[in-house]
Amino acid sequence: MSTISHYIDGEVVQSTSNRTQPVFNPATGQAISELQLGNAKDLATAVAAAKREFPAWSQMPPLRRARILDKFKIILWDRMDELAEAITLEHGKTFDDAKGEVTRGLEVVEFATSAPSFLKSDFSENVGTGVDTYNVRQALGVVAGITPFNFPAMVPMWMFPVALACGNTFVLKPSERDPSPSLLIAQWLKEAGLPDGVFNVVQGDKEVVDAILEHPDVKAVSFVGSTPIAKYIYVTGITNGKRVQALGGAKNHAVIMPDADMDMAANAIMGAAYGSAGERCMAISVVVPVGEGTGDAIVSALKPKVEALSVGPGMDAESEMGPLVTKQAQERVLSYIDAGETSGADVVVDGRNFNQAKQGYEDGYYVGGTLLDNVTPDMSVYRDEIFGPVLSVVRRDTFADAVDLIHGHQYANGTAIFTRDGDAARNFAQNIEVGMVGINVPIPVPMAFHSFGGWKASIFGDHAMHGMEGVRFYTRIKTTTTRWPAKLDAEFKMPTLG
Ligand code: NAD
């Protein structure tokens, strides 16, 4: 069995801790490698390398930094299949989905290569006689990223391309469930010409996370993961004087208005609810049909499609949906379906007894697509983020009731409305208290040059990820005022304000 370890200062480095944990292939249920879990010492070694490199990297002209990222982007295009295969092996999602993930990450790299433009600043001439003022955006120093299992390549790429382009050096702590993609990324960055020590990977769990939060040389922390951990990272990080952006969990509602094209809406919802087995923070997990008849129409449109979902190993070209990431995730999802049924939801399509017949994959962590109707807001299937292929239907009488339902939920990451009515769509876009909104678009994930982030319990901190929000997070403004009088005043005068 292979061993997965850190990448520090330009090379693969063994951990100084002897704690390890197996990494599984979710499609087969077999352990495929042993992950070395790092400790505070390993983290300190990585931070020291990143700190050493910061002066040279931050002072390198942004155009030269951008050229290195541009080479990295070309490597990513050329070796997309290799990275996607590494994702599918440890995460379980389908190969096509993994390639989609790499593409979305790559787009952030593309955005980051425009650093010379986005780091341009402003200049005010003659703020006083012979006095000029200008702002510059300067890098923070060593910054860290702590990432979740569900996008082991894309979420790190929401962070480090912008951080590096702005002149910071980086330490990544990937998810312990699927740690390999981060090592490919580190090696390819080096190949693209990134100096050793500018980007480092420290594998591990809470021990490394706490070491990041406590290390005085880590100036900022970007986190993506579940809400309780996001809150912990935010509170601990800011208490220790760091800048923190921490993105948390989600429960995304799709409102179906009576005038919507039901087939179009059902097709869109299928991909949004069951793609990546529902393990997406932008997955639609609740459908809210509005008005008499809309619920029956959307449930009838969805039912045969959910029943027909092809569930299997991610590398199998016929699979539309892969397994869940771990045995624990599988058991958790199954227990939520049980709880939904016990509390009165109608199980329209039941994914609990799904059997993977394909030889060699019988022990994979599969759950079939599940559709629950007549779910109510008090049920745990509605309140909690399930993070699996379970779609709940919560019927509402009016548009206002649907909006109230969404506003009553603690999460506010993404939402969508399906309608042909411009009035309703505009009202929804303007008034809904959710960070990312789709009008007839089921997964409104902003492109790399916009920014990604929810509201309420889906984010802690003031800046969303990538785009100009990423630039703002990874830089701080310095304002310089200069005076170059033609002839220096020899006479002393007491300065006055204003
Ligand atoms: P998680 O919170 O369990 O883990 C995220 C990271 O935190 C991992 O690197 C993990 O090692 C670390 N961690 C876990 N427990 C910790 C603890 N007690 N103390 C310190 N660090 C700890 O999340 P996950 O299961 O890997 O990912 C799924 C979650 O991520 C879902 O809630 C999903 O909605 C969320 N997510 C959110 C977004 C977003 O943009 N809002 C994007 C992707 C995923």
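For every chain, the first residue of the written sequence is number 1, and numbering continues from 1 onward in sequence order. Restriction of local features to residues with pLDDT of at least 70 applies here, the model being predicted, together with a cutoff of 80 or more for giving and counting side-chain atom pairs; totals for whole chains, interfaces and linings are based on all residues. In computing side-chain properties, one takes all heavy atoms of the structure into account and sets aside hydrogens as well as water.

K.L.:
Would you explain the overall build of the protein in this entry?
P.N.:
Secondary structure assignment for the protein yields 16 helices and 23 strands. Dimensions of the protein along its principal axes, counting C-alpha atoms only, are 85 × 60 × 40 Å. Burial status follows relative accessibility: with a 1.4 Å probe on protein chains alone, a residue under 20% of its type maximum counts as buried, one over 50% as exposed, and anything between as partly exposed. Among the 498 residues that make up the protein, the fraction classed as buried is 58%. Across the protein, the fraction of contacts at a sequence separation of at least 24, relative to all contacts at a separation of at least 6, is 72%. Of the roughly 20600 Å² of accessible surface on the protein, 51% is carried by carbon and sulfur atoms. Two residue types count as positive, namely Lys and Arg, and two as negative, namely Asp and Glu; His and chain ends fall outside the count. In plain terms, the charge of a residue is placed at NZ if it is Lys, CZ if Arg, CG if Asp and CD if Glu. Looking at charge distribution, the protein has the averaged site of its 43 positive side-chain charges lying 9 Å from that of its 59 negative ones. Secondary structure counts use DSSP, requiring at least four H or I residues in a row for a helix and at least two E residues in a row for a strand, with both numbered from the N terminus. Between two residues, a contact is recorded if the distance between any of their heavy atoms is within 4.5 Å. Exposure was quantified through the Shrake-Rupley algorithm and a 1.4 Å probe, taking into account, for residues, occlusion by the shown protein chains and nothing else.

K.L.:
Would you mind going over the pairing of strand β7 (residues 131-139) with me for this structure?
P.N.:
Consecutive residues of a regular strand have side chains that alternate between opposite faces of the sheet. Taken together, the three bridges between strand β6 (residues 123-128) and β7 define a ladder with antiparallel strand orientation. Paired with Phe 123 across the two strands is Tyr 134, which belongs to β7. A pair of strands is treated as paired once DSSP finds two or more bridges between them. With antiparallel pairing between neighbouring strands as the criterion, β6 and β7 make up a hairpin whose turn holds two residues, including Gly 130 at a positive phi of roughly 70°. Looking at chain direction, β7 and strand β23 (residues 475-483) are connected through nine bridges and run antiparallel. Of the residues in β23, the one forming a bridge with Thr 133 is Thr 481.

K.L.:
Would you explain the domain arrangement of the protein in this entry?
P.N.:
You'll often see interface size given as the accessible area lost when the parts meet. In this document the domain limits rely on a domain assignment from an automatic tool or a database. Segmenting the protein into domains produces domain 1 (2-248 + 458-480) and domain 2 (252-439). Domain 1 and domain 2 are separated by 31 Å when their C-alpha centres are compared. Contacts between the two partners involve 21 residues from domain 1 and, on the opposite side, 26 residues from domain 2. When two parts are put together, the accessible area they lose, computed with a 1.4 Å probe and summed over both, is reported as buried area. In this assembly, domain 1 packs against domain 2 so that about 1900 Å² is buried in total across both faces, 60% of it on carbon and sulfur atoms. When the buried area of domain 1 at its contact with domain 2 is split by residue, Pro 26, Ala 27 and Ser 458 rank highest and sum to 25% of it. Definition used for salt bridges: Asp or Glu carboxyl oxygen within 4 Å of a side-chain nitrogen of Lys or Arg. Put simply, domain 1 and domain 2 have one salt bridge between them. When the shortest N-O distance is used, the salt bridge between Asp 97 and Arg 280 registers 3.0 Å.

K.L.:
I tried to follow the site of the ligand on my own but got confused; where do I start?
P.N.:
Around the ligand sit 26 residues in total, of which Thr 147, Lys 173, Glu 176, Ser 226 and Glu 385 are the nearest. Gly 225 is positioned with one of its backbone polar atoms (N or O) 3.3 Å from an oxygen atom of the ligand. A distance of 2.5 Å is found between an oxygen atom of the ligand and a side-chain nitrogen or oxygen belonging to Glu 385. Elements represented by at least two residues in the shell around the ligand include exactly α8 (206-214) and β11 (218-224). Partitioning the shell around the ligand into residue classes produces 14 nonpolar, eight polar and four charged. What makes a residue near a molecule or strand is one non-hydrogen atom of that residue sitting within 4 Å of it. Polar contact is the term for a pair of N or O atoms within 3.5 Å; when the atoms are in protein, one must be able to donate a hydrogen and the other to accept it, and sequence-neighboring residues count only if both atoms are side-chain atoms. Under the scheme applied, nonpolar residues are Ala, Val, Leu, Ile, Met, Phe, Trp, Tyr, Cys and Pro; charged residues are Asp, Glu, Lys and Arg; polar residues are all the others, including Gly.

K.L.:
What is the right way to look at the sheet that holds strand β4 (residues 20-25) in this model?
P.N.:
The pairing of strands in a sheet comes from backbone hydrogen bonds and takes either a parallel or an antiparallel form. Read across the open sheet, the three strands follow the order β1-β5-β4; overall the sheet is mixed. Looking at which strands have only one partner, the edges of the open sheet turn out to be β1 (2-4) and β4. Put simply, the sheet's adjacent strands are angled 40° from each other on average, direction ignored. For β4 and strand β5 (residues 30-36), the ladder comprises six bridges, and the chain directions are antiparallel. Bridge pairing in β5 places Thr 20 opposite Gln 36. Helix axes are fitted only over the stretch in contact, all axes being lines through C-alpha atoms; the angle between N-to-C directions runs from 0 to 180 degrees. Helix α3 (residues 80-91) rests against β1, β4 and β5 of the sheet, and its axis sits at about 105° to β4.

K.L.:
How should I be thinking about the packing of helix α2 (residues 62-78) against helix α6 (residues 154-165) in this particular structure?
P.N.:
For any two helices packed against each other, one specifies the crossing angle of their axes together with the interaxial distance. Contact geometry of α2 with α6 gives a least axis separation of 9 Å together with a crossing angle of 150°. Relative to α6, α2 is oriented roughly antiparallel. Only Met 157, Phe 160, Pro 161, Leu 164 and Ala 165 of α6 make contact with α2, whose side of the interface consists of Arg 65, Leu 69, Phe 72 and Leu 76. Here the residues of the contact of α2 with α6 sort into eight nonpolar, no polar and one charged. By the definition adopted for this analysis, an angle is roughly parallel if under 35 degrees, roughly antiparallel if over 145, roughly perpendicular if from 65 to 115, and oblique otherwise.

K.L.:
Please clarify how the pattern of salt bridges should be interpreted in this entry.
P.N.:
Should their charged atoms come close, side chains of opposite charge can pair. Scanning the model with the defined rule gives 22 salt bridges in all. Of the charged contacts, one joins Lys 190 and Asp 196 as a salt bridge, the two residues approaching to 3.2 Å between their closest N and O atoms. One network of salt bridges, in which partners are shared, links Asp 338, Glu 341, Asp 350 and Arg 352.

K.L.:
Honestly, empty space enclosed by the protein in this entry has me stumped. Any pointers?
P.N.:
The method is simple in principle: a probe with the dimensions of a water molecule rolls over the atoms, and the space it marks as empty is what remains. Whether a set of points on the 1 Å grid over the protein atoms alone is a cavity depends on a 1.4 Å probe fitting there but being unable to get out, while an open set qualifies as a pocket with protein on both sides within 12 Å along at least five of seven lines; lining residues are those with an atom within 4 Å of a point. Grid points are joined across faces, edges and corners, and a volume is the space filled by probe spheres set on the points. A complete count under the given rule lists three cavities of 30 Å³ or more for this structure. In this model, the largest cavity occupies a volume close to 110 Å³. Taken together, 15 residues line the largest cavity, and the ones lying closest to its centre are Gly 278, Ala 283, Ser 285, Glu 385 and Phe 387. For the lining of the largest cavity, the per-class residue count stands at eight nonpolar, four polar and three charged.

K.L.:
What exactly am I supposed to notice about helix α7 (residues 180-191) here?
P.N.:
An α-helical turn contains 3.6 residues, so a residue and the one three or four places further along point in the same direction. Expected span of a helix, by definition, is 1.5 Å for each gap between consecutive residues, and there is one gap fewer than residues. Compared with an ideal rise of 1.5 Å per residue, which puts 12 residues at 16 Å, α7 spans 17 Å between its outermost C-alpha atoms and is within 8% of the ideal. Turning to α7, its buried residues number three or more, namely Ser 180, Pro 181, Ser 182, Leu 183, Leu 184, Ile 185, Ala 186, Trp 188 and Leu 189.

K.L.:
Looking at this model, I keep getting lost on the nonpolar core. Mind explaining?
P.N.:
Generally speaking, nonpolar side chains in soluble globular proteins are found buried as a group. What we call a nonpolar core is a set of buried Ala, Val, Leu, Ile, Met, Phe, Trp, Tyr and Cys residues that are connected through their side-chain atoms within 4.5 Å. Of all hydrophobic cores here, the largest spans 69 residues; its most connected members are Phe 72, Leu 83, Trp 158, Phe 170 and Phe 199. Take this core: its biggest share by element is 10 residues, from α6. With 65 residues, the next largest nonpolar core counts Ala 27, Leu 302, Met 379 and Val 393 among its residues.

K.L.:
It is not clear to me how the sheet that holds strand β13 (residues 252-256) should be interpreted in this structure. Could you clarify?
P.N.:
Strand order in the open sheet made by the seven strands is β15-β16-β17-β14-β13-β19-β20, with mixed pairing throughout. The open sheet has two free edges, formed respectively by β15 (346-349) and β20 (436-439), since each of these has just one partner strand. Across the sheet, the mean angle separating the axes of adjacent strands is 20° when strand polarity is ignored. The pairing of strand β14 (residues 284-289) with strand β17 (residues 390-393) spans two bridges and is classified as parallel. Following the sheet pairing, Val 286 is matched in β17 by Ser 392. Set on the sheet, helix α14 (residues 399-407) makes contact with β13, β14 and β19 (414-418); between it and β13 the angle comes to about 180°.

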